[in-house]
Amino acid sequence: MESGGERMLGGLLSANHLASLEDLPGLVAEHAGLVGFSQTMLYVVDLQEQFLVPVPGQQDEDGRPLERIRIDTTMAGRAFRNLEIVQVRTTDDSSGAEALTPAGGEGPRRLWVALLDGTERLGVMAVTVPADDEITRWRAGQLASLISLLLAAKRSFSDTYARLVRTQPMQLSAEVLWTLMPARTFANERVIVSAALEPAYVVGGDAFDYSLAGDVLHLSIFDAMGHDTAAGLTATIAMGACRNHRRQDADLPAISERIDAAIAEQFGGARFATGILADLDTRTGLLTWVNRGHHPPLVLRSGRVVATLETEPDPPMGFGLGVFAEPARYQLEPGDRLLFYTDGVIEAKSPDGELFGLERFADFVIRREADGMAAPETLRRLIHTLLEHQQDRLQDDATVLMAEWRTQRHYRLTL
């Protein structure tokens, strides 16, 4: 005979096949009741990772529509930031202004649980449980994992999801680029990849990409000239040409030349993009890259910058000038963090003209690493710090792509 937990998870999985995103809250509530869970609530994170936004159709205990919750000042946000199950009193409302209670104990409790698709943070789930014990936390974690898979499967064809995660209208170039770029976080047993890009709604010409083929992780970052739709098109062409020829097993210099030719063909030398194309052997830690007129990557190790990967850069892509330098190589050590970035990060300027700067950028990441903070949360806070530095008005796109090789950190939900 199936246990309550098996009926909850199996039933939800079966019911999901013909369900839309809007159906999920009701289905989750129905099947969570099989193990005594009640008052389930589902929230997704907005594009800038500032708020947790309720999936439509949900109400609190008093019948009021749920409101969005700030990530940085609430218990729900704590579950999202730290990937831990957070227990609070059940008497509090849905505003997120709740008080932490000790783990364990008798009587109903509310648990906030992060929703993770692989290692991508999608949002949080809240659930009221009859008691807080090991089996209850295990069931809550398994329920959250299944909900995450269902959300991830349905969001790609759901305009409801796209509207939920936006807090303002999105310009055309940003619409195109966000559709093309991969999830901002990926991890396996050997490597963690995280990325961040701002301004999220008016992206000009910045873009990032990564992919895994066997043991080789490809990483690329692009910064196209300008801040208009043509800049977005340039970055789109760069990403498309990169993927097309990468999947034909071309080497890095050849890929960069194909990007160069594709941009030149479209714009006749009037537009260009800088960029770095890199391959990381995740077994050995050997990094190989070509630099097409871009800022050199940084390597962080043991709380300091140990290398700036400077090479003689080849010309930006779009002029048809070709590649002259051989691919460069660098041997990473276990635990190294590799940072790619665009000029909008280090050239971010405060109202009184102070640059954010390379040293402050590297120091920020190093300090968060010393605090034990995971790479995705580090970049989330970095972007918010950049916004604060410029009073929420970026003069240029700011993009960071981070890869962490053979780290000892584990990016999993803490039960």
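Just above, that's the structure.
A.B. asks: Please clarify how helix 1 (residues 4–15) should be interpreted in this entry.
C.D. replies: For the α-helix, the turn length of 3.6 residues means that residues three or four positions removed from each other point alike. End to end, helix 1 covers 16 Å across twelve residues, agreeing with the expected 16 Å (1.5 Å per residue, within 8%). Taken residue by residue, helix 1 has Gly 4, Gly 5, Met 8, Leu 9 and Leu 12 as its buried positions. Seen end-on, helix 1 carries its buried residues on one side only, within an arc spanning 130 degrees. Of the surrounding elements, those touching the buried residues of helix 1 are helix 2 (24–32) and helix 4 (134–155).

A.B. asks: What is the right way to read the nonpolar core from this model?
C.D. replies: As a rule of thumb, nonpolar side chains are buried together in soluble globular proteins. If you look at the biggest cluster of nonpolar residues, it comprises 51 residues, and the most contacted ones within it are Trp 178, Leu 219 and Ile 259. Residue contributions to this core peak at six residues, all from helix 7 (residues 229–246). Setting aside chain neighbours within four positions, we find Leu 219 in contact with Val 193, Asp 209, Tyr 210, Ile 276, Leu 277, Ala 278, Leu 338, Phe 340, Leu 401 and Ala 403. Counting 35 residues, the second-largest nonpolar core is a separate cluster that includes Leu 12, Leu 115, Ala 140 and Leu 151.

A.B. asks: Is there a simple way to think about helix 8 (residues 252–267) in this case?
C.D. replies: Under the 1.5 Å per step criterion, the end-to-end length of helix 8 is 23 Å for 16 residues, consistent within 8% with the ideal 22 Å. Buried within helix 8 are the following residues: Leu 252, Pro 253, Ala 254, Ile 255, Ser 256, Ile 259, Asp 260, Ile 263 and Phe 267. The inward-facing, buried residues of helix 8 abut strand 10 (216–224), helix 7, strand 11 (273–281) and strand 12 (286–292). Two or three places before Ala 254, at the opening of helix 8, Asp 251 has a side-chain oxygen 2.9 Å from that residue's backbone nitrogen. One or two residues past the end of helix 8 sits Gly 268, with phi positive at roughly 60 degrees.

Calculation criteria
- Residues numbered from 1 in each chain as written.
- Predicted model: local features only at pLDDT ≥ 70, side-chain atom pairs only at ≥ 80, totals over all residues.
- Heavy atoms only, no water.
- Helix = DSSP H or I, 4+ residues; strand = E, 2+ residues; numbered from the N terminus.
- Expected span 1.5 Å × (residues − 1).
- Buried < 20%, exposed > 50% of the residue type's maximum accessible area, 1.4 Å probe, protein only.
- Arc of directions from axis to C-beta.
- Contact = heavy atoms within 4.5 Å.
- Core = buried A, V, L, I, M, F, W, Y, C linked by side-chain atoms within 4.5 Å.
- Polar contact = N/O pair within 3.5 Å; in protein donor to acceptor, adjacent residues only side chain to side chain.

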